[in-house]
Amino acid sequence: MTSTYLLSMARRDSSSAGNNRWSRLGRVCIVACTTDCRDIQDQLMENRRRRVGEKGINYSLKEYVIEAAKHVHHHHHQGERKENEDYTPQPQEGAGKLKDLYRLFLDVSAPYSVRLHYLRSSLHMDDEDQHNMLRSGINLQFSAIYTKLMSQPLLWQDMVSQHNIMSFCARDKKPPTLMKLATFSCLGDFINKHWYVRHQCEARQISVLVRRHAEDGWNKYIHDPATYRRFNNLRGEHALKKMSKHLATDLLEEDKLGWTFNRPFDEYVLLWHIATDLCLHHTSSSTNNTTTASSSQSQDTIKSRRSSSEIISNYMIYLLFICPEMLIPGTRYDLFTLACHEIECMINESPLSSSPDKTRSGIAQWILGMDQDDQRMNKAPRNKIFDAHKLARLLVHSLNEEQRWEVIQGVWVEMLCYSASRCRGYLHAKSLGVAPEFHTNVWLLWWCMGMQTLPDMMHNLGPPEDPPQEQTAAEEPPQEQTAADSV
């Protein structure tokens, strides 16, 4: 009965699919003569389940997080790429699979198995190989979207655009005569925006920091979907928590640095940008309650962190002022001009004897030297400079130079990832037609390291959950009340 049924199915399929399918089903019939149909059905369902799993449909978020963390931990313990016996990366494999990134530019969320593949491939690449892979991917998308041909490499990919509020107030880059004449026309706002933009060839250096941050998250922070979502929502808390453990004090308390998080993201970027610039031009490298690092290795580390922090800070304020839609949805670019107006008002109200040098460092040192109760600072309409001055003073007096720049760099890396992951793929594709933004590199790198982008956040919101610290604090009052009642 069973063999007769399968033979009839084989004949019917052979008329449409040809002799190959007939021979294949014929072999199945021979086995089916001595096998129960339910065993064959179970085997077919198992094969189908495997095929579905390969396409990523069969992975839940919890399974994906567990598998991704397992791969990262395995790679971390293996150390060197050649020591891993399970996987041997092929250069052509990564370049071919980059075609899947086209869907990412369309704001389409990829299956978790695809995400896992890219994560595993990225882990087995060194920093140079991964950067080159991202360059190839962006070139491929540019060709597919704008030319349909293989185009020349995009030279802007290694450049990080820079803007700075102190330099803008100081006007340290004077425009030529023709530009000055153009400012009297309708082009004045455009020239004021773009004339003071600079570029630094430091994309590789910053990309390494983003990759280390993602690896650190998989190794030490993420262990379930809740912590996975929480890590993707960090914008500086993780860096402060790590330093808090080292100092045995909570930097996230409201009277320390915790108050900075109680504001919108665009104001948060502006606050840390001004505070970072004030710390960069702080004249003394020592503090009252701590000692600074003296070894040459520590000084090299400080110099590297200072440079990275300055580059990311200037890039984020560039996004806020020049490309606000790429920083985060709803960014108010006029925050930059309002802060500049505050600084200019403070300078104009100062007597000539105490007015600052009209340079970036002169203005920064002048603001940092003010007291918190200075009337010129308190007269500011929204006190943005006052808050930045307060933050800079806390960083200078609470941490030594090495700790200070470790915190500042960590906060900026988290903010950069937070912003890039929330930028639409459409905006990244649009920027390729003008000048590729470094934000696109960070966005692709963040995705390749297995983290969330905007489509993932929209489709996998998850239930509302309280952080573990808040849950513990909420459980303490009943325990104290019970103890009091018992007494």
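Keep in mind the model is a prediction, meaning the values are calculated, not measured.

Colleague: Got a minute to help me understand the overall build of the chain in this structure?
Modeller: Helix and strand counts for the chain stand at 26 helices and 2 strands. Across the 487 residues that make up the chain, the buried fraction comes to 47%. Of the accessible surface of the chain, which amounts to about 25,300 Å², a share of 52% is contributed by carbon and sulfur atoms.

Colleague: Explain the confidence of the model for the chain to me, please; I cannot follow it from the model alone.
Modeller: Caution is warranted with low-pLDDT regions, since their predicted coordinates should not be read in detail. Summary statistics for the chain give a mean pLDDT of 77 and a share of 67% for residues scoring 70 or more. Per-residue pLDDT stays below 50 along residues 1–36; that stretch engages in 17 contacts with residues further than four places along the chain or on separate chains. In the predicted structure, residues 80–96 sits below a pLDDT of 50 and forms 17 contacts with residues beyond four places in sequence or in another chain.

Colleague: Hey, could you run me through the nonpolar core in this one?
Modeller: Nonpolar side chains in soluble globular proteins tend to end up buried together. Membership of the largest hydrophobic core comes to 118 residues, with the highest contact counts inside it found for Trp218 and Met316. In this structure, this core is formed jointly by two domains, domain 1 (30–80 + 100–159 + 202–247 + 441–461) and domain 2 (161–200 + 260–284 + 301–398), each of which donates at least three residues.

Colleague: Help me understand the packing of aromatic side chains, please; the structure alone is not making it clear to me.
Modeller: Ring pairs (aromatic) are described by centroid distance and by the angle formed between their planes. Per the counting criterion, the structure on display carries 19 aromatic pairs. Aromatic pair Tyr64 and Tyr228: ring centres 6.1 Å apart, planes at 80°, arrangement edge-to-face. You can see Tyr64 sitting in helix H4 (residues 61–78) and its partner Tyr228 sitting in helix H13 (residues 225–232), a full 164 residues away along the chain. Neither Tyr64 nor Tyr228 differs from the other in exposure class; each is buried. Between Tyr221 and Phe231, the aromatic rings sit 5.5 Å apart at their centres with planes inclined by 50°, giving tilted as the arrangement. Within this pair, whereas Tyr221 is found in the loop between helix H12 (203–220) and H13, its partner Phe231 is found in helix H13, the two being separated by 10 residues in sequence. The two residues Tyr221 and Phe231 agree in class, both being buried. Of the aromatic side chains, those joined through ring pairs into one cluster are Phe261, Phe265, Tyr268, Trp272 and Tyr418.

Colleague: Help me understand the state of the cysteines, please; the structure alone is not making it clear to me.
Modeller: Note on terminology: disulfide describes a covalent bond linking the sulfur atoms of two cysteines. For the structure on display, the rule yields 0 disulfides. For the unlinked cysteine Cys423, the closest cysteine sulfur is that of Cys323, found at 9.3 Å.

Colleague: Just to check I follow, could you spell out helix H14 (residues 237–247) for this structure?
Modeller: Because an α-helix completes one turn every 3.6 residues, residues spaced three or four positions apart along the sequence face the same direction. Looking only at H14, the buried set comprises Glu237, His238, Ala239, Leu240, Met243 and Ser244. On its buried face, H14 sits against H12, H13 and helix H22 (401–421). Of the residues flanking the end of H14, it is Ala248, one or two places downstream, whose phi is positive at about 60°.

Colleague: Help me out: how do you make sense of the environment of His199 in this one?
Modeller: Mapping His199 onto the fold places it in strand E2 (residues 198–200). Spatially, the C-alpha atoms of His199 and Asn314 are 10.0 Å apart, while their sequence positions differ by 115 residues. At 3.3 Å, the side chain of His199 forms a polar contact with the side chain of Ser161.

Colleague: Would you mind showing me how to read the pattern of salt bridges here?
Modeller: Pairing is possible between side chains that carry opposite charge, provided their charged atoms lie close to one another. The final tally for this structure, using the stated rule, is 19 salt bridges. For the salt bridge of Asp456 with Arg115, the shortest nitrogen-to-oxygen distance reads 3.0 Å. With a gap of 341 residues between them, Asp456 in helix H25 (residues 454–459) and Arg115 in helix H7 (residues 112–123) connect regions that are remote in the sequence. Residue Asp456 is classed as buried on the basis of its relative accessible area, which comes to 3%. Classification of Arg115 by relative accessible area gives buried; the value is 1%. The shortest N-O distance in the salt bridge between Asp266 and Arg332 comes to 2.8 Å. Here Arg332 lies in the loop between helix H17 (324–327) and helix H18 (334–348) and Asp266 lies in helix H15 (residues 265–280), a separation of 66 residues in the sequence. Several salt bridges share partner residues, and in doing so they unite Asp127, Arg211, Arg212 and Glu215 into one network.

Colleague: Help me understand the environment of Gly425 in this model?
Modeller: Within the secondary structure layout, Gly425 lies in helix H23 (residues 425–432). Given the relative accessible area of 0%, Gly425 is considered buried. Along the backbone, Gly425 and Pro455 are 30 residues apart, and their C-alpha atoms lie at a distance of 9.2 Å. Here Gly425 is in contact with Leu104, Phe105, Asp107 and Trp443, once residues within four sequence places are set aside.

Colleague: Looking at this structure, how should I read the side chain of Glu237?
Modeller: Among the structural elements, Glu237 can be located in helix H14. The buried charged residue Glu237 lacks any salt bridge, with Arg235 as its nearest oppositely charged partner at 4.8 Å. In this structure the side chain of Glu237 is engaged in a polar contact, spanning 2.8 Å, whose partner is the backbone nitrogen of Arg235. For Glu237, the residues in contact, after removing those within four places along its chain, are Leu252, Phe261 and Glu414.

Colleague: Can you walk me through the packing of H22 against helix H24 (residues 438–448) in this structure?
Modeller: Each pair of packed helices can be summarised by the angle the axes make with each other and by the distance between the axes. Taken N-terminus to C-terminus, the directions of H22 and H24 make an angle of 90°; their axes are 9 Å apart at the nearest point. Compared by their axis directions, H22 and H24 come out roughly perpendicular. Along the contact surface, H22 presents Leu416, Cys417, Ser419, Ala420 and Ser421, while H24 presents Phe438, His439, Val442, Trp443 and Trp446. Residue composition of the contact of H22 with H24, by class: 7 nonpolar, 3 polar and no charged.

Colleague: Which parts of the structure should I look at to understand unusual backbone geometry?
Modeller: For residues besides glycine, phi is generally negative; the peptide bonds are generally trans as well. Although it is not a glycine, Asp107 adopts a positive phi angle of roughly 60°. In this structure, Asp107 sits in the loop between helix H6 (101–105) and H7. Assessed through its relative accessible area of 22%, Asp107 is described here as partly exposed.

Conventions we followed
Residues numbered from 1 in each chain as written. Predicted model: local features only at pLDDT ≥ 70, side-chain atom pairs only at ≥ 80, totals over all residues. Heavy atoms only, no water. Helix = DSSP H or I, 4+ residues; strand = E, 2+ residues; numbered from the N terminus. Buried < 20%, exposed > 50% of the residue type's maximum accessible area, 1.4 Å probe, protein only. Areas by Shrake-Rupley, 256 points an atom, 1.4 Å probe, with all protein chains shown as cover. pLDDT = per-residue confidence, 0-100. Contact = heavy atoms within 4.5 Å. Core = buried A, V, L, I, M, F, W, Y, C linked by side-chain atoms within 4.5 Å. Domains from an automatic or database assignment. Phe/Tyr/Trp six-rings, centres within 6.5 Å; stacked < 30°, edge-to-face > 60°. Disulfide = S-S within 2.5 Å. Polar contact = N/O pair within 3.5 Å; in protein donor to acceptor, adjacent residues only side chain to side chain. Salt bridge = Lys/Arg side-chain N within 4 Å of Asp/Glu carboxyl O. Lys, Arg positive; Asp, Glu negative; His and termini not counted. Axes fitted to C-alpha atoms, helices over the stretch in contact; angles between N-to-C directions. Parallel < 35°, antiparallel > 145°, perpendicular 65-115°, else oblique. Nonpolar A, V, L, I, M, F, W, Y, C, P; charged D, E, K, R; others polar.

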